[in-house]
Amino acid sequence: MNSLKNMFRPTKPISKNVSFKPDELMSNSQKLMLELGIIRQSANGLYHLLPLAQRSLEKLISIINKNMMDIGAQKISMPVLIHSNLWKKTGRLNKNIEDLYIVNDRKSKEFLLSPTHEEVVTDLFSSDPKTYKQLPLMLYQVGTKFRDETRPKLGIIRSKEFLMKDLYSFDKDQTSATITYNKVCQAYEKIFKRIGVKFIKVEGASGMMGGNQSHEFHYPADVGDDTLLQCKKCGFGMNKEMAPELVQCPKCSSTDIEFTKAIEVGHTFHLGTFYSNALSATYSDTDGTMKPPYMCSYGLGVSRIIGASVECLSTQEIIQWPRPLSPFTVCIIPAKEGSIEENTSLNNIHSLYNHFTEIFGDDVIVDDRTHMTIGKRLIEAKKLGFPFVVVMGKKINETPSLYELYEANTKKSEHYELSNLINYFKQQSLDKI
């Protein structure tokens, strides 16, 4: 039985080893996740993801894995610590050194903690002969990345160490690469639609990645670092950094342009043969000639999506998760110890838990801190954002027993007989498949 009493949640929101500057911006999501013991700051820009955050993260990774499997992408793991020679061959080490963590081993060989893996995956591709029959090839990973942020902020939205899902595709020509690129972008849209937070897809700058085409996925939020330009007439959108002085839409010439602050949560790049040529990656074509594969890369800020989702949906006092990412779907609050409802509660809690796990699997938790009043536990369950809270209050001693159900989406409570509550939950489960 999942127990809230036994869950590790620090009671002090700020570690004694962490200091905040007077002008440091703390986002609402950062404040809530710290106060409620969902994350814990280790140092400036570095965070522990505690049990509730970890469950949310694993749910997101499960959604990502399913959608990647659906398009034929293969999951791997690549080293985070990589030899700097790879970046020297592509010239990127000379251009972006200020964002990198560079280290030397005991033999004075230079390595870096890679913030992205274009060089590494291209080197992997080139390590074994390939033919056109093996293309397209899509390889992805979900792993830790490092970036020496000048000013880390907003909790896990912008940190020095973060979790990222990065995918790399190899195709035989430009046309095939475009087909693969569009397929992955469609899969990304499915991921964001499944999460359920409003997102915006716009054209973006390629930046340090290079290439000739790029798209960004954003969550609209006032604390976001990006400003999006969207044409209200034709729907075209781009990041403002691409055209700071834009006054009319490049597609339809309309001047009805909307500005939106946003948090970037995904980015895709059409890379061409830049990395293939730099690292001598080739495949054997139909006529036997060796040619460089056309590459694309695709990133999702996994830990950032968690923080940004909370930022977009929550109030100042209460977390609201997108339901697919909620750490638990149902929280059960049994009666307080010593109350007249305690015996009925104790006799029914295990069967109630089993009924709910038959519907929601391991997605049910019990707030078994029965030394606390039901009221205090209900307040905390609301703050933690569990979609459904089932309270075993005074009416469980009635005939038949009635269970109070609080729903986070509606902010309303109703009482149900057990059979009706089970049927309602079954319908809710079906609605989310």
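Right above here is the structure, for reference.
The present account deals with the structure reproduced in this document. Here the structure is a predicted model, which means the values were calculated and not measured.

What counts as what
Residues numbered from 1 in each chain as written. Predicted model: local features only at pLDDT ≥ 70, side-chain atom pairs only at ≥ 80, totals over all residues. Heavy atoms only, no water. Pairing = 2+ DSSP bridges. Helix = DSSP H or I, 4+ residues; strand = E, 2+ residues; numbered from the N terminus. Axes fitted to C-alpha atoms, helices over the stretch in contact; angles between N-to-C directions. Buried < 20%, exposed > 50% of the residue type's maximum accessible area, 1.4 Å probe, protein only. Contact = heavy atoms within 4.5 Å. 1 Å grid on protein atoms, 1.4 Å probe; cavity = no way out; pocket = protein on both sides within 12 Å on 5 of 7 lines; lining within 4 Å. Points joined across faces, edges and corners; volume = space filled by probe spheres on them. Nonpolar A, V, L, I, M, F, W, Y, C, P; charged D, E, K, R; others polar.

1. Re the sheet that holds strand β4 (residues 81-83)
Here is step 1 of the chain: Spatially, three strands are ordered β4-β6-β5 in an open sheet, and the strand pairing comes out antiparallel. The sheet is open, and its two borders are formed by β4 and β5 (101-104), each paired with just one other strand. Adjacent strand axes in the sheet meet at a mean angle of 35° when their direction is disregarded.
Here is step 2 of the chain: Sheet topology note: the β4/strand β6 (residues 110-113) ladder contains three bridges and is antiparallel. Of the residues in β6, the one forming a bridge with Leu81 is Leu113.

2. Some details on the environment of Leu313
Here is step 1 of the chain: As for its position among the elements, Leu313 is in helix α8 (residues 302-313).
Here is step 2 of the chain: For Leu313, a relative accessible area of 29% puts it in the partly exposed group.
Here is step 3 of the chain: Along the sequence, Leu313 and Val302 sit 11 residues apart, while their C-alpha atoms lie 17 Å from each other.
Here is step 4 of the chain: Once residues within four sequence positions are removed from consideration, Leu313 is found in contact with Val197, Gln320, Trp321 and Pro322.

3. Notes on the layout of surface pockets
Over the atoms, a rolling probe the size of a water molecule traces out where space has been left empty.
Here is step 1 of the chain: In this structure, the largest pocket occupies an estimated 1,000 Å³ of space.
Here is step 2 of the chain: As for the largest pocket, its lining consists of 40 residues, and the residues nearest its centre are Arg147, Arg158, Glu264, His267 and Arg304.
Here is step 3 of the chain: Those elements giving two or more residues to the lining of the largest pocket turn out to be β8 (161-171), β11 (226-231), β13 (257-272), β16 (294-301) and α8.
Here is step 4 of the chain: Per element, the largest residue contribution to the lining of the largest pocket is six residues, and it comes from β13.
Here is step 5 of the chain: Of the residues belonging to the lining of the largest pocket, the class tally is 15 nonpolar, 13 polar and 12 charged.

The quantities given are spatial measurements derived from coordinates; they are silent on function.
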